[in-house]
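# Descriptive analysis of the structure
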Amino acid sequence: MTESTAAAGREAYYHERDLPKFGEIAEGAPELARKFFDWYTAVFAEGALDAREKSLIALAVAHAVQCPYCIDAYSQDALAKGSNIDQMTEAVHVAAAIRGGASLVHGVQMRNHVHAHGM
Amino acid sequence: MGRVLPTLHKREAGLASAVAQRARLAEVPLARTFEESLATSGLFPLRPTRLEILQVNVGRRCNQTCKHCHVDAGPDRSEVMPRAVLEAVLAFLAQHRIPRFDITGGAPELHPDFREMVVRAARGGAHVMHRCNLTAILLPNYADIPALLAEHRVEVIASLPYFQARETDAQRGEGVFEESIEGIRRLNALGYGRGTGLELNLVANPVGTFLPGSQAGLEAMWKRELKRRFDLDFDHLFTITNMPISRYLEFLDERGRTVDYMTRLVNAYNPAAAAGVMCRNTLSVGYDGRLFDCDFNQMLDLGLDAAVPQWIFDATPERLAERAIVVGPHCYGCTAGAGSSCGGAVA
């Protein structure tokens, strides 16, 4: 690792320039990478859902798992597939609603514990 | 964005000249040159196939100043094809029986002899194509043109990058979407795009720094949305990759995205698209009669291979067939993904 590469690595944990390096992950475990990328490609092929629908789902999930690489990739992919910012924003709201709802619905468990342990 | 902005030429911008654009592109580090990519596909030097399309750029005047325009066209441009060149073009078309005559600009309607050009080319038996911005035909002096196009069975190829105003106006200027919808409405009323044999094809260039998605997928979406929202029809959607020259190159530079965009084009190089590039069956003519392998080379002032005639006045298809097509880094714009041409995807 050169000094400049090391310095670049310290700037931040995430870099836009790292996204195109994703394929290099194969160097550690080529067979696993091949299986992953084949499966990944198959997942996004036109099927019962079309490619644009899958792209919007990916964009929403990218926000749910808060992956900057995925948000970058699928923001552009969604635009390329014809989605607009209104549709993409609604997709992010779906992710946010599920995340928020997932927290809130656990309040039922909280209430169960309160009722079990309270008077 | 206002409706009309000054062109690079008017602003005397850094990228106004072809030389400056070529120099800027040459600075961008690429993993391999376009020539090297062609060589790996067994396509270098790139040779023409049969000449099927004579594409004439009749001038750089336009009533719009789209952000991605590779011509740097606009109201402040004055270049226009003179009469002598027009006659030479029509003579070449007739004498060599070129099947397709593709009229581009600028807004070609603004050429004073546009109507005559259409009529004579069509009467000579060529399939005439008109590259239409959808708004010039609304201007009072040009409102008769759609009927003339219909009368002569001219194929209309019209730009509409999106089915909503926000995206379309961001690329083409404020208010352009609404007028474009009216333009399509008038064409539809004449039978264009409605199964009468009058062909209306739309062109979508990405509104941003991304590459076009699947042409078939986008066509289905454009058809559905234009029908549902405006009761409009068309035949096919052509996706065209934004070419990293002229105003789009300035846009990329302003965004700091030039290297990223070029890298993306190189990484998306598709040998099948390279085999089908439009320069192999097209001859491009400048407003002054100079010949080029394509309209993009024309704007970069990259003339034909020096071994063949350079002007419409003394060229023949036989002599031009001997040439090697002139290429450069911008050519990656036509070979990325499914490829890109004036007729959309090629692979």
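Structure: above.
Read on for an overview of the structure. This structure is a prediction, so every number in the text was calculated from the model and none was measured.

Ranked by size, the top nonpolar core spans 106 residues in total, and within it Leu54 and Phe101 of chain B carry the most contacts. The biggest single contributor to this core is helix H4 (residues 83-95) of chain B, with 7 residues. Setting aside residues no more than four positions away along its own chain, Phe101 of chain B makes contact with Leu54, Val56, Val89, Leu90, Leu93, Met117, Ala121, Ala126, His127, Val128 and Met129 of chain B. Within the second largest apolar cluster, 9 residues are counted, among which are Ala58, Ala60, Tyr74 and Ala95 of chain A.

This next bit is on the sheet that holds strand S3 (residues 127-132) of chain B. Backbone hydrogen bonds are what pair the strands of a sheet, in a parallel or an antiparallel way. All names here are of chain B. One open sheet accounts for 8 strands, arranged S6-S5-S4-S3-S2-S1-S7-S8; its pairing is mixed. Unpaired on one side and paired on the other, strand S6 (236-239) and strand S8 (291-292) mark the two borders of the sheet. Pairing analysis gives 4 bridges linking strand S2 (residues 100-104) to S3, with the strands arranged parallel. Paired with Phe101 across the strands is Val128, a residue of S3.

Here the structure, examined in full by the defined rule, presents 1 disulfide over all chains. A sulfur-sulfur distance of 2.5 Å marks the disulfide that ties Cys67 of chain A to Cys70 of chain A. Negative torsions about the S-S bond denote left-handed disulfides, and the value of about 75° found for Cys67 of chain A with Cys70 of chain A makes this one right-handed. Given a relative accessible area of 16%, Cys67 of chain A falls into the buried group. Between Cys62 of chain B, a free cysteine, and Cys66 of chain B, which holds the nearest cysteine sulfur, the sulfur-to-sulfur gap is 6.3 Å. Take Cys132 of chain B: it sits in no disulfide, and the sulfur closest to it among the cysteines is that of Cys62 of chain B, at 10 Å. Here Cys132 of chain B falls in the buried class, since its relative accessible area comes to 2%.

What follows covers the interface of chain A and chain B. Listed as interface residues are 12 residues of chain A and, on the opposing side, 16 residues of chain B. With both sides pooled, the region where chain A packs onto chain B buries about 960 Å², and carbon together with sulfur makes up 43% of that total. For chain A, the biggest contributors to the area lost against chain B are Gln76, Ala80 and Asn84 of chain A; these three give 41% of the whole. Scanning the region where chain A abuts chain B turns up 2 salt bridges.

The subject of this paragraph is the pattern of salt bridges. Where side chains of opposite charge bring their charged atoms close, a pairing between them can arise. Residues and elements named next belong to chain B. The tally for this structure, following the rule as stated, stands at 37 salt bridges over all chains. A salt bridge links Arg77 to Asp72; the nearest nitrogen and oxygen atoms lie 3.4 Å apart. The exposure class of Arg77 is buried, given its relative accessible area of 7%. The partner of Asp144 in a salt bridge is Arg115, with the nearest N and O atoms 2.8 Å apart. Taken together, the residues Asp144 in the loop between S3 and helix H6 (145-151) and Arg115 in helix H5 (residues 114-123) connect sequence positions 29 residues apart. Residue classification places Asp144 among the partly exposed positions, given a relative accessible area of 39%. Taken together, the shared-partner salt bridges connect Arg83, Glu87, Asp113, Glu116 and Arg120 into one network.

About the thresholds
Residues numbered from 1 in each chain as written. Chains lettered and ligands numbered in written order. Predicted model: local features only at pLDDT ≥ 70, side-chain atom pairs only at ≥ 80, totals over all residues. Heavy atoms only, no water. Core = buried A, V, L, I, M, F, W, Y, C linked by side-chain atoms within 4.5 Å. Buried < 20%, exposed > 50% of the residue type's maximum accessible area, 1.4 Å probe, protein only. Helix = DSSP H or I, 4+ residues; strand = E, 2+ residues; numbered from the N terminus. Contact = heavy atoms within 4.5 Å. Pairing = 2+ DSSP bridges. Disulfide = S-S within 2.5 Å. Buried area = accessible area lost by both parts, 1.4 Å probe. Salt bridge = Lys/Arg side-chain N within 4 Å of Asp/Glu carboxyl O.

Coordinates in, geometry out; function isn't part of it.
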